[in-house]
Amino acid sequence: MKFQRIEQCEINLFLIRSQCSLDYSMTTPATDIYTTNSKQILVTRDPVYSHPAIKDGRYIGRQPNTYLPFAIFVTVINPLLGPLSIMFSILSKRAYKDGDLTYAHKWSQYAFLAGCITIVVSIVMYIAIAFALEESCTVRIIGGVEECNSGISGGHSP
């Protein structure tokens, strides 16, 4: 019963195609259609190209700058805070790939902001470390000779 119905559908399809005056020469040749017991499978050799800025048939816009090179540079300067910038940069790229332009811009701005904050914090931190490591020295001139008295000994100044 089922096979008779399939054969009847194939015959009806053939009759409909023969009655239409459409030119089927631009479609895939008939040699690429394989018939099985229940379905027809169309095999095409045409590559499917989709532009990355088009998702589901609509233009979503240009990809925002992810600031990945900047994030890598910041990570070299400060390995503790720099990976945050890399993380935001990757999130921006993934959001654009998923077709969400709003979040792509948001994560892109966060990547740049995290990079700038990391640079400022690093500069302040490196200056503080430099002052902390600097040897404090009190210079006294005694008899024409300069003497450096470091404040580490705990003595009182004269």
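Conventions adopted
Sequence order as written defines residue numbering, which begins from 1 separately in each chain. Only residues with pLDDT of 70 or above have their local features reported here, since the model is predicted, and side-chain atom pairs are shown and tallied only from 80 upward, although totals for entire chains, interfaces and linings are computed over all residues. Only hydrogens and water are set aside when side-chain values are computed; all heavy atoms of the structure are taken into account. Residues enter a nonpolar core if they are buried and are Ala, Val, Leu, Ile, Met, Phe, Trp, Tyr or Cys, with the set joined through side-chain atoms within 4.5 Å. Residue burial is assigned from relative accessible area. The probe radius is 1.4 Å, only protein chains are included, and a residue is buried under 20% of its type maximum, exposed over 50%, and partly exposed in between. Numbering goes from the N terminus for both helices and strands, where a helix is a DSSP run of H or I of at least four residues and a strand is a run of E of at least two. In what follows, residue pairs with any heavy atoms lying within 4.5 Å of each other are defined as contacts. What the arc covers is the set of directions going from the helix axis to the C-beta atoms. Any pair of nitrogen or oxygen atoms within 3.5 Å is treated as a polar contact; in protein, a donor-acceptor pairing is required on top of that, and neighbouring residues in sequence qualify only through side-chain atoms on both sides.

Caption draft 1: View of the nonpolar core. Among the nonpolar cores identified, the biggest contains eight residues, and these are Ile60, Phe88, Ala95, Tyr96, Ala104, Trp107, Ala111 and Ala114. Of all the secondary structure elements, the ones that give two or more residues to this core are α3 (82–97) and α4 (101–133). The element contributing the most residues to this core is α4, with four residues. Once you skip the residues sitting within four places of it in the chain, Ala114 turns out to touch Ser85 and Phe88.

Caption draft 2: Structural context of helix α2 (residues 68–77). Here α2 has its buried residues at Ala71, Val74 and Thr75. Down the axis of α2, the buried set is contained in an arc of 105°. They therefore lie on one face. In α2, the exposed residues that point more than 90 degrees away from the buried face are Pro69 and Val76. For α2, the secondary structure elements touched by its buried residues are α3 and α4.

Caption draft 3: The side chain of Ser85, seen in detail. Here Ser85 is to be found in helix α3. In terms of polar contacts, Ser85 uses its side chain to reach the backbone carbonyl oxygen of Ala111, at 2.9 Å. When sequence neighbours within four positions are dropped, the list of residues in contact with Ser85 reads Ala71, Ala111, Ala114 and Gly115.

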